[in-house]
Structure formats: C-alpha cells, structure tokens
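Summary of structural features
So you can see what is in the structure, the chains are spelled out below.
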Amino acid sequence: MATKPHALLYRMVLPDHTCPFGVRARQLLQAAGYEVDDRVLRSREEVDAFEAKEGVATTPQVFIDGERIGGSDALEAYLANG
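Overview of the pairing of strand β5 (residues 67-70)
Bridge count between strand β4 (residues 61-64) and β5: three bridges; the pairing is antiparallel. In the sheet register, I64 faces β5, and the bridge partner there is E67. Linking β4 back to β5 in an antiparallel pair, the connection comprises two residues, with D65 at a positive phi of about 55 degrees.

Remarks on the pattern of salt bridges
Applying the stated criterion across every chain yields a total of seven salt bridges. Residues R26 and D38 are paired through a salt bridge, measuring 3.8 Å at the closest nitrogen-oxygen approach. Of this pair, R26 sits in helix α1 (residues 20-31) while D38 sits in strand β3 (residues 35-41), and the two are 12 residues apart along the sequence. The salt bridge involving D48 is made with R44; its shortest N-O contact spans 3.2 Å. Of this pair, D48 and R44 both sit in helix α2 (residues 44-54), four residues apart, which is roughly one turn of the helix. Judged by relative accessible area, which is 38%, D48 ranks as partly exposed. One salt-bridge network, in which partners are shared between bridges, spans R11, R26 and D38.

Some words on the environment of D65
Here D65 shows up in the loop between β4 and β5. Sequence separation between D65 and Y78 is 13 residues; the distance between their C-alpha atoms is 13 Å.

With respect to α2
For α2, the set of buried residues is V47, F50 and E51. Buried residues in α2, looked at end-on, bunch into an arc of 95 degrees, giving them a common side. Away from its buried face by more than 90 degrees, α2 exposes E45, A52 and K53. Looking at the buried side of α2, the elements it contacts are β1 (6-14), β3 and β4. Following α2 by one or two positions, G55 adopts a phi angle in the positive range, close to 70 degrees.

Notes on the pairing of β1
Counting buried positions along β1 yields eight of nine residues, so the element is predominantly enclosed. Pairing of β1 with β3, which is carried by seven bridges, proceeds in the parallel orientation. What sits directly across from R11, in β3, is V40. Bridge count for β1 against β4 is four bridges, and the pairing is antiparallel. For A7, the partnering residue across the bridge sits in β4 and is I64. One ladder, built from two bridges, connects β1 with strand β2 (residues 17-18); its direction is antiparallel. Bridged to L14 within β2 is H17. Here β1 folds back onto β2, and the loop between the two strands holds two residues.

How each quantity is defined
- Residues numbered from 1 in each chain as written.
- Predicted model: local features only at pLDDT ≥ 70, side-chain atom pairs only at ≥ 80, totals over all residues.
- Heavy atoms only, no water.
- Pairing = 2+ DSSP bridges.
- Helix = DSSP H or I, 4+ residues; strand = E, 2+ residues; numbered from the N terminus.
- Salt bridge = Lys/Arg side-chain N within 4 Å of Asp/Glu carboxyl O.
- Buried < 20%, exposed > 50% of the residue type's maximum accessible area, 1.4 Å probe, protein only.
- Arc of directions from axis to C-beta.
- Contact = heavy atoms within 4.5 Å.

The following block contains the structure:
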C-alpha cells in the first residue's frame, strides 16, 4: 500500500480566533490525500515568532517535501497544477 504524501501546515488558532484560511488549507490538503502535520500556533507571540523566523507576513504556511508552498491560495494553485 502506498504511503500518503506529507505536508507540514502552520496555522493560527488563538483563544478568540481560528484563522479560516488555516482551516481551508487543512481541508484542501486532506481532500488531496495528504497526511497533514498540523502545527497550531496558539498565541500572537507564537505567530509573530514563526513569521519572523520564516520571513513571511501571514499564516497559514504550507510546506510539501521541504518546500514552502505558501498560504491557502498558493496551496490551491499548487494542487490545481498537480
């Protein structure tokens, strides 16, 4: 049996806000058959530290095979191009 492809997803889930783009990215990955390593950023400080470390301005961020794909819109385009 073939193993599922793997994706790493960093997304924001704060006590008062769950980022809908992170939810969408997770759903897109699961629908495409990916095993998702879901890394939830639970505070503004965690989000800011992640964004600074990766040099990005927003979450979610998706990585496939070690390559940063980007956010949910970039992921959708990546999956559409196969």
